[in-house]
Amino acid sequence: MTVFEDLAESRRQLGEAVAAARRIVFFTGAGMSTESGIPDFRSPGGYWSTRKPIMFDDFCTSREARREDWRRRYDLADQLAATEPNAGHLEIARMVAGGRASHVITQNIDGLHQRAGTPPEKVIELHGNATYATCLSCGLHHGLDDLRPQFEATGEPPVCRSCGGLVKAAVISFGQAMPSGPMAAAHEASLAADLFVVLGSSLVVYPAAGFPLLAKRNGATLVIVNREATPLDAEADLVLEGEIGEVLRGISAG
Ligand code: NAD
């Protein structure tokens with residue numbers, strides 16, 4: 001492991017790693033979106049400093065938990081509507097468009113990689129997406145805007161217009177099973193990568209944090225870009241301590 005804190009050196013190191021790579025995978029966490037104004041989870045002032053997680057079982061069994069979950073969904077939707085992808089999202093989208101990066105594996109639920117121009121089929125969402133909802137019984141897709149007037153008028157959590165099942169934002173809650181399709185896609189992408197770049201993740205949430213290790217143990221170069229140390233730093237080839245937007249700036253032009 002080599003750690004760099006100096007910005008110019010970090011950019012040089014990342015540039016060299018990118019230039020030597022044929023198949024790059026980016027792995028992003030909440031830190032990817034802080035430069036867009038969305039707080040991460042674990043930094044001071046982060047999401048969990050003000051809210052208690054709603055467990056999946058509670059969502060399924062308690063109307064009050066569902067109400068609270070929906071209130072939070074619309075708070076987040078309002079926040080996302082006022083948010084733009086940042087320079088880092090755009091650099092990644094250019095790397096994917098240029099064929100340098102095969103996929104973005106993300107823990108984020110904000111849809112900002114897609115809004116930055118990364119094609120949806122290249123974005124592997126491990127924890128779902130907060131910009132739409134699905135029925136937990138039949139899987140029908142529901143738009144958040146379509147459900148909002150009735151929720152706000154009645155305070156009743158939405159149910160499926162087709163089967164009457166519980167409708168939930170398409171995110172993976174604590175206690176909910178990981179989505180099998182994205183897990184399999186992330187596994188395959190990690191094994192195929194020769195450069196795996198972690199951006200803005202504390203790397204404490206499993207199974208997501210297993211993918212950098214999988215890629216590394218399969219022979220990929222592992223780079224971690226984060227403001228602070230992570231538990232996987234010792235496994236990485238390069239640890240670049242800095243702000244993602246600054247470290248990534250211009251990387252797609254190299
Ligand atoms: P985390 O909050 O645990 O860790 C974020 C890390 O990024 C921290 O170590 C922090 O120091 C670092 N960081 C923050 N801003 C940075 C920046 N500009 N440059 C460099 N480093 C920066 O987040 P996580 O590891 O993704 O895990 C927590 C869970 O949070 C995930 O499951 C994710 O689903 C969820 N989450 C998503 C969003 C979102 O979609 N934007 C926001 C909050 C939480």
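Coordinates for the structure precede this section.
Residues numbered from 1 in each chain as written. Predicted model: local features only at pLDDT ≥ 70, side-chain atom pairs only at ≥ 80, totals over all residues. Heavy atoms only, no water.

## Points about the nonpolar core
Side chains of nonpolar character tend, in soluble globular proteins, to be buried together. Ranked by size, the top nonpolar core spans 24 residues in total, and within it Leu 14, Ile 24, Phe 26, Val 197 and Leu 199 carry the most contacts. Looking at this core, the elements that each hand over two or more residues are helix H1 (7-20), strand S2 (24-28), helix H4 (87-97), strand S3 (101-106), strand S8 (195-199), strand S9 (221-226), strand S10 (238-241) and helix H9 (244-248). Among residues more than four places away in sequence, those in contact with Val 197 are Leu 14, Ile 24, Val 25, Phe 26, Phe 27, Val 223 and Val 225. Core analysis: the second largest hydrophobic core is formed by 23 residues, Phe 27, Ile 105, Ile 124 and Leu 232 among them. (Core = buried A, V, L, I, M, F, W, Y, C linked by side-chain atoms within 4.5 Å. Buried < 20%, exposed > 50% of the residue type's maximum accessible area, 1.4 Å probe, protein only. Helix = DSSP H or I, 4+ residues; strand = E, 2+ residues; numbered from the N terminus. Contact = heavy atoms within 4.5 Å.)

## What to know about the packing of helix H7 (residues 180-192) against helix H8 (residues 210-217)
Packing of H7 against H8 brings their axes to within 8 Å, and their N-to-C directions diverge by 30°. The two elements H7 and H8 meet at a crossing, and its hand is right-handed. Contact with H7, carried on its side by Met 183, Ala 186, His 187, Ser 190 and Leu 191, involves Phe 211, Leu 214 and Ala 215 of H8 and no other residues of that element. For the contact of H7 with H8, the class distribution of residues is six nonpolar, two polar and no charged. (Axes fitted to C-alpha atoms, helices over the stretch in contact; angles between N-to-C directions. Left-handed = near helix turned anticlockwise from the far one by under 90°. Nonpolar A, V, L, I, M, F, W, Y, C, P; charged D, E, K, R; others polar.)

## Regarding the environment of Ile 109
Looking at the secondary structure, you find Ile 109 in the loop between S3 and helix H5 (112-115). Once residues lying within four places of it in the same chain are set aside, the contact partners of Ile 109 are Arg 73, Leu 76, His 127, Gly 128, Asn 129, Ala 130, Thr 131 and Val 171.

The values reported here are purely geometric and, on their own, carry no functional implication.
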